[in-house]
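# Coordinate inspection notes
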Amino acid sequence: MKQALTALAKCSCRGIPRATAVVLLGCCSVGAQAAATTNGIGNPMLDLPQLPRLQAQKTFNPQLTHLWHVALQQNIPEVITSTCVAIDAGIKNKVPDLHALLPSLEHLAVSKTLPLTVRMSVVRALVEISDQHTQAILVHLDSAQPSAFAQIVDPLLAKWHTVSMRNIWIARVKNPSAELQVKVSAAKALGAAGDHQANAVLKNVVQNAGEPLVLRFAAAQSLAKLRASGVAALSKSMLKTQGHSVPQRLLICSMLAGSKTALQRKMLLGFAGDSNSAVAAIAWRALIKTDVHALQALASHMSGNADPTIRLLVAKAWRRIGGNKSIDGLGTTLNDQRRPVRWYARDALIFLGSHGQSRMKVIDTCRVIIHGSDPRAIRQACLVLGKLDDKASANDFVSLLSNKSPAVRLGAVVALRRVSIARTLPAVLKFAQSTAKNSQFASANLNKPGYAVQLNEDNLQLSQAFEFFGLTHYAPALSVMIPCIPKHAPYGIEARQAAIWAIGMIDNGQNHPKLARELAGRLDDMEMPIPEFEQVREMSAITLGRIHAKARLTDLNASYTAGDIGPLSLACRWAIGKITGKLPPLPHATTLFQAGFLVPLSQH
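We now turn to the structure provided with this report. (Residues numbered from 1 in each chain as written. Predicted model: local features only at pLDDT ≥ 70, side-chain atom pairs only at ≥ 80, totals over all residues. Heavy atoms only, no water.)

### Here's the deal with the overall build of the protein
Along the backbone of the protein there are 31 helices and two strands. In terms of overall dimensions, the protein has a C-alpha envelope of 85 × 70 × 45 Å along the principal axes. Taken across its 604 residues, the protein has 53% of its residues classed as buried. In the protein, of all internal contacts separated by at least 6 residues, the share reaching a separation of at least 24 is 68%. Within the structure as shown, the protein displays about 27,300 Å² of accessible surface, and the carbon and sulfur contribution to it stands at 55%. The positive charge centre, built from 65 side chains, and the negative charge centre, built from 37, are 7 Å apart in the protein. (Helix = DSSP H or I, 4+ residues; strand = E, 2+ residues; numbered from the N terminus. Buried < 20%, exposed > 50% of the residue type's maximum accessible area, 1.4 Å probe, protein only. Contact = heavy atoms within 4.5 Å. Areas by Shrake-Rupley, 256 points an atom, 1.4 Å probe, with all protein chains shown as cover. Lys, Arg positive; Asp, Glu negative; His and termini not counted. Charge placed at Lys NZ, Arg CZ, Asp CG, Glu CD.)

### Quick look at the packing of helix α18 (residues 324-333) against helix α20 (residues 356-370)
Where α18 contacts α20, the two axes come as close as 10 Å, and the packing angle between them is 30°. Between α18 and α20, the angle falls in the class roughly parallel. As for the relative orientation of α18 and α20, their crossing is right-handed in sense. Contacts between α18 and α20 pair Asn324, Ile327, Asp328 and Gly331 from the former with Ser358, Lys361, Val362, Thr365 and Ile369 from the latter. (Axes fitted to C-alpha atoms, helices over the stretch in contact; angles between N-to-C directions. Parallel < 35°, antiparallel > 145°, perpendicular 65-115°, else oblique. Left-handed = near helix turned anticlockwise from the far one by under 90°.)

### What to know about the packing of aromatic side chains
Per the stated rule, a full pass over the model turns up five aromatic pairs. Judged by centre distance (6.4 Å) and plane angle (15°), the ring pair of Phe468 and Phe469 falls under stacked. Judged by its relative accessible area of 0%, Phe469 falls in the buried class. Through a chain of ring-to-ring contacts, three or more aromatic side chains come together here, namely Phe466, Phe468, Phe469 and Tyr474. The positively charged end of Arg319 is found above the aromatic ring belonging to Phe351, 3.8 Å away from the centroid. (Phe/Tyr/Trp six-rings, centres within 6.5 Å; stacked < 30°, edge-to-face > 60°. Lys NZ or Arg CZ within 6 Å of the ring centre and 35° of its normal.)

### What to know about unusual backbone geometry
The linkage connecting Leu48 with the following residue, Pro49, adopts the cis geometry, with an omega of 5°. By secondary structure assignment, the location of Pro49 is in the loop between α1 (18-27) and β1 (57-59). The omega angle of the peptide bond from Met528 to Pro529 is 10°, so this bond is cis rather than trans. If you trace the backbone, Pro529 turns up in the loop between α28 (515-524) and α29 (534-546). The phi angle at Lys94 is positive, at roughly 60°, despite the residue not being glycine. Counting through the fold element by element, Lys94 comes out in the loop between α3 (77-92) and α4 (102-109). Taking the relative accessible area as the measure of exposure, Lys94 reaches 69% and is therefore exposed. Despite not being glycine, Asp97 has its phi angle at roughly 65°, a positive value. If you trace the backbone, Asp97 turns up in the loop between α3 and α4.

### Re the packing of helix α13 (residues 246-256) against helix α14 (residues 262-272)
Where α13 contacts α14, the axes come no closer than 10 Å and their chain directions differ by 140°. It follows that α13 is oblique to α14 by the angle criterion. Handedness of the α13/α14 crossing: left-handed. In this structure, α13 contributes Arg249, Ile252, Cys253 and Leu256 to the contact, and α14 contributes Gln264, Met267, Leu268 and Phe271. A class-by-class count of the residues in the contact of α13 with α14 yields six nonpolar, one polar and one charged. (Nonpolar A, V, L, I, M, F, W, Y, C, P; charged D, E, K, R; others polar.)

### So, the environment of Ile421
Tracing the sequence through the fold places Ile421 in the loop between α23 (406-419) and α24 (425-444). Ile421 sits 30 residues away from Lys391 along the chain, and the two C-alpha atoms are 7.4 Å apart. Residues within four places of Ile421 in sequence aside, it is in contact with Lys391, Ala394, Leu416 and Phe468.

### Considerations on the environment of Asn204
With respect to the secondary-structure elements, Asn204 resides in helix α10 (residues 199-207). Owing to a relative accessible area of 47%, Asn204 belongs among the partly exposed residues under this scheme.

### Digging into the nonpolar core
Side chains of a nonpolar character, in soluble globular proteins, are inclined to be buried together. In this structure, Leu105, Leu138, Trp284, Phe466, Phe469, Met481 and Leu556 are the most contacted members of the largest nonpolar core, which totals 191 residues. Apart from the residues within four sequence positions on either side, Met481 is in contact with Phe466, Phe469, Ala499, Ala502, Ile503 and Ile506. (Core = buried A, V, L, I, M, F, W, Y, C linked by side-chain atoms within 4.5 Å.)

### Details of the side chain of Asp555
Mapped onto the fold, Asp555 is located in helix α30 (residues 553-559). Leave out the neighbours within four places in its chain, and Asp555 touches Ala520, Leu523 and Asp524.

### Topic: the pattern of salt bridges
For the structure on display, the rule yields 16 salt bridges. In this structure, Glu532 and Arg522 form a salt bridge, with 2.8 Å as the shortest nitrogen-oxygen distance. With a gap of 10 residues between them, Glu532 in the loop between α28 and α29 and Arg522 in helix α28 connect regions that are remote in the sequence. Taken together, the shared-partner salt bridges in this structure form one network comprising Lys487, Arg496, Arg522, Asp525 and Glu532. (Salt bridge = Lys/Arg side-chain N within 4 Å of Asp/Glu carboxyl O.)

In structure tokens, the structure reads:
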């Protein structure tokens, strides 16, 4: 089951000057990239059996590097540029032997006859190769023509901690006539290179209100990376002399983010409750790393912030702090209107509940929620209780199967599958039968508004119920699952997929002689214009293996290909091994890298 995450909103920038807002895209979009999470439902059928995960082996034509070398010798700017673009793609795809191109690239990089744009593409290729043998020539280019090469080369030289560039970067930052982008690049490089000799220069830039904001932010971020001393004193001075405008607060927070001292952390805590979410987010991120317990008193107040970025950061703080207050706070977050926030809160409660000392508190909190009236919160609480295997809540889960909200019903049936109590199976079967009828009705009325959504909701609920039946080998459920096998059955893909998988877990093929023939029909169905869904074909193959359908080995062998590493081919391989007792060799696939330019003739 795959559902797209709803992206978190960017930091609120209301009231921030436009120039500042542009800068914030690079430094303050805190929380937009939340920790990877899922809807928390899961599908056991995708892991039983555990099929191997294979990747195609990438191959490279040995002529490719030679052709690029020849192309670089041509005095044709367009060819050189295109070759460098191809080299960049080759580096990302780990084409071997590219270091042999370094002499040609270095020669072109310093050429006095090539257009500057061509030389820039050459230098980008050198930077992508990232060989320290090129350091001297990159330093030369960066020093001689910073307006062209600094932004390309500075990050790599900073990564290499190139000593000879440090004074140059400092001089550029101090030079009032230097181009802005060159100064910004130098300020960033000083922080990345860890050059503490630049502390004073960077501080001067930050407090100089006459400098462009983009440069001041770059300097502030570098001071944070350097964890420079004296930042707290500078921050206080700026607040006194330059006021409390949003850009000033952002600059100060950016500097303090290194939070080297207790005083810096105290100042950050003051900004953590800032009315501007971009300011608050910087402070929260820094304190979560360095002094998360200091945020506890502020967490409840900020959990109601209008910006989902802040609400997510509060949830992250609660997860790290732990304890009863954090669990209560995460419980209230289960109904957050933004999916990533409530999903994170759910996973945090599961994490805390997995530890003995917090388990009962998490369970008690979620039990209260499932007796409430908020569908979003009830669903997430059910998922938590199910994951924590709270069998004592099984009757409550059964009661929720009749809830009017499909989100609640889905959460309840997932929880019942996870706690896996046999006495609940008849109730789940009754629920599946009712839902199957709803699905049939929705399928017959798809042209009417709302029924497509209902069909999808029924699909998700049925798939979970069917997987529960399969895991518990509940034979009475065969009557509701076997009708899902036909191609045009009025059920969603996942419901059909789960039904076929569960049938194989329950039925050995003896009770339904026609089963193998029906499944083989699904496996073989490539009839155009609407072939069978591949997920259904995959599960049909697995179930043919489980019921030891020897008469269908021909069908399985036809869908297993030695060069196909896809799930269907691997499912057929597993089924063949299940029936014969001997697994065929693992499929092996190769892909030939092509950069789209100067492809060797032997590849055509």
